[in-house]
Amino acid sequence: MKFNLSLVAFCLAKSAAAFSYQALPSGVVNLSSSAQRDVYTMADWAASFGVQQAEGLQLTSYDGQDYFAATQQDIPAGTCVMYVPSDVVLSSSQAAQEFGGALGDAENQLSKAGLQEKIPLFRLFMKILVEYGKGESSPWYTWLNSLPRVYNTGASMTYACFDCLPPYAAWLALSERQNFVNFQKAAKRAPLSDELLSSVTVLKWAYNVALTRSIDWYGERYIAPMGDMFNHGTETEAEISYDENGNCMVYATTDVYAGSPLRVSYGDPTNPSPLFASYGFLDESSPATFCKVMHMKDEMEELGYTFADLLFYKDTGDISPQVYDVALYYVLKKSDPGLADGFYQTMMSGDEAAKSQYHEQYWQYTKEELQKHVDGTLLDLDKWSEKANGYDLNTHPRVPLILGHNDFVKETFLNVKNSLDYM
């Protein structure tokens, strides 16, 4: 079933009709933290507009806040478990078409701020703001009313939160907050109503919706209502894709048994901190975390590594080989630049035998540097968590999440410490 003609007209409206200078209607989504999500009405709405799902697929919740897709019947691998037609999907390209040139100044400002790659996300952010401002007259009102009101992303955190996190997680979370601030500034260059622009609550909610409900698909940003109800998993059962017409399909990637959730990947499952900052949850099933050597960031980049390469493993205390490379390079740069250059050239040439000789000869220095880093981080984690425990939960509701993150890192570092001490 397709959307009716009035809905299509909404979708294709050009910039002059896309924005409203009028006061917000009384039927806008209630963004109070106590407002209940109306998820099951949304599921009925989605079905009435052509969203199809496999037999047995249901939306489930244990607490009335977090809803996720699960199946009550066995689903074979390869099954299309959900189909969302393009008329229901929100996309950055459709938003750009709808708004015409009305976002030109705003997007230019983002480009000047070095956020060119965030423009597709910004377009969805603006689309959500506009639809929110229409209240119940928006074709997507029922979907908007089904979404969370409270988010724990970096954009929603305060500087008090950042002060209680390890530097890497704090940096990632602060980056999300800075992105939101840049979106907020850019939105002022678009013809939105003053009432929308003056509400930080609405702006932040729209940013969090765009950030957490959308996926990147070959440079485009898409949100598929109902298709956004699949939770993240380190081990996944499903995969989301889009065809050339913008229709969304979700396929089972493995046999899924009755009573099981269907999860997709939101990002790198080996490192929970980016998910923590962008989505506001801690993936406790993640096997590893970045080793937190932010003071070695320059050396990491010079050797061609990324944060995802430098891992400490939670359960085993294992250390990825790249960590040893970066730590040795860091030590050598401090003590003997000539030796550091030799090690660098060895790394760039790919001479594994020569690299092993460097590691064997200077192992004790590498080990001591890593032990110093691990011991210092463990002390800092206790300080950060003690500080978080001193906050009032009424004014700092994200404290439990922060403490959970710090506990995850602490457990990992304690296992790594044990491994290093016995090497």
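Spatially, 4 strands are ordered β1-β4-β9-β8 in an open sheet, and the strand pairing comes out antiparallel. Each of the sheet's edge strands pairs with one partner strand only, and the pair in question is β1 (52–53) and β8 (238–242). Where strand β4 (residues 80–84) meets strand β9 (residues 248–252), 4 bridges bridge the pair, whose relative direction is antiparallel. Residue pairing for β9: Cys80 is matched across the bridge by Tyr251.

On to the packing of aromatic side chains, then. Evaluation of the coordinates by the stated rule reveals 29 aromatic pairs. Between Phe183 and Tyr207, the aromatic rings sit 5.2 Å apart at their centres with planes inclined by 85°, giving edge-to-face as the arrangement. Taken as a pair, Phe183 in helix α9 (residues 167–187) and Tyr207 in helix α11 (residues 200–213) lie far apart in primary sequence, 24 residues in all. Among the residues examined, Tyr207 registers a relative accessible area of 1% and is labelled buried.

It is worth spelling out the side chain of Ser214 at this point. With respect to the secondary-structure elements, Ser214 resides in the loop between α11 and β6 (215–217). Reaching out from Ser214, the side chain makes a polar contact with the backbone oxygen of Ala210 at a distance of 2.6 Å. A polar atom in the side chain of Ser214 sits 2.8 Å from the side chain of Arg221. Among residues more than four places away in sequence, those in contact with Ser214 are Leu121, Leu124, Val209, Arg221, Tyr222, Ile223 and Tyr279.

Bringing the sheet that holds β6 into the picture now. Consider a sheet: its strands pair through backbone hydrogen bonds, and that pairing is either parallel or antiparallel. Read across the sheet, 3 strands follow the order β5-β7-β6 without closing on themselves; strand pairing throughout is antiparallel. Unpaired on one side and paired on the other, β5 (90–91) and β6 mark the two borders of the sheet. Relative to strand β7 (residues 220–223), β6 runs antiparallel, the two being bridged by 3 bridges. When the sheet's bridge partners are listed, Ile215 is paired in β7 with Tyr222. Running at roughly 35° to β7, helix α6 (residues 119–133) makes contact with β5 and β7 of the sheet.

What follows is about the environment of Pro76. Note on placement: Pro76 falls in the loop between β3 (67–71) and β4. Using a relative accessible area of 48% as the deciding quantity, one classes Pro76 as partly exposed. The spatial distance from the C-alpha of Pro76 to the C-alpha of Ala252 is 7.2 Å, given a sequence separation of 176 residues. Filtering out sequence-adjacent residues up to four positions away, Pro76 remains in contact with Ala252, Thr254 and Asp255.

Okay, the pairing of β3 next. Judged by how many residues are buried, β3 sits mostly within the fold: 5 of 5 residues are covered. Side chains of β3 alternate between two faces, with Tyr67, Ala69 and Thr71 and Phe68 and Ala70 buried alike. Both strand β2 (residues 57–61) and β3 contribute to a ladder of 5 bridges, which runs antiparallel. Bridge pairing links Leu57 to Thr71 in β3. Hairpin connection of β2 to β3: 5 residues between the antiparallel strands, including Gly64 at a positive phi of 80°.

Rules used in this analysis
- Along each chain, residue indices are assigned from 1 in the same order as the chain's sequence is written.
- Per-residue local features are limited, in this predicted model, to residues with pLDDT of at least 70; the limit for side-chain atom pairs, both in listing and counting, is 80 or more; totals at the level of whole chains, interfaces and linings are taken over all residues.
- Neither water nor hydrogens contribute to the side-chain values; these are computed over all heavy atoms in the structure.
- Paired strands are those between which DSSP finds at least two bridges.
- Helix and strand labels come from DSSP, where a helix needs a run of H or I of at least four residues and a strand needs a run of E of at least two; each type is numbered from the N terminus.
- Only rings of Phe, Tyr and Trp enter the pairing, Trp through its six-membered ring, and a pair is recorded when the two centres are within 6.5 Å. The plane angle decides the type: under 30 degrees is stacked, over 60 is edge-to-face, the rest tilted.
- Exposure classes here rest on a 1.4 Å probe applied to the protein chains alone. A residue is buried below 20% of its type maximum, exposed above 50%, and partly exposed in between.
- Pairs of N or O atoms within 3.5 Å make up the polar contacts considered here, provided that, within protein, one atom can donate a hydrogen while the other can accept it, and that residues adjacent in sequence are counted only when both atoms are side-chain atoms.
- Note on contacts: a residue pair qualifies if any of its non-hydrogen atoms lie within 4.5 Å across the two residues.
- All axes are obtained by fitting lines to C-alpha atoms, using only the stretch in contact for helices, and the reported angles, taken between N-to-C directions, cover 0 to 180 degrees.

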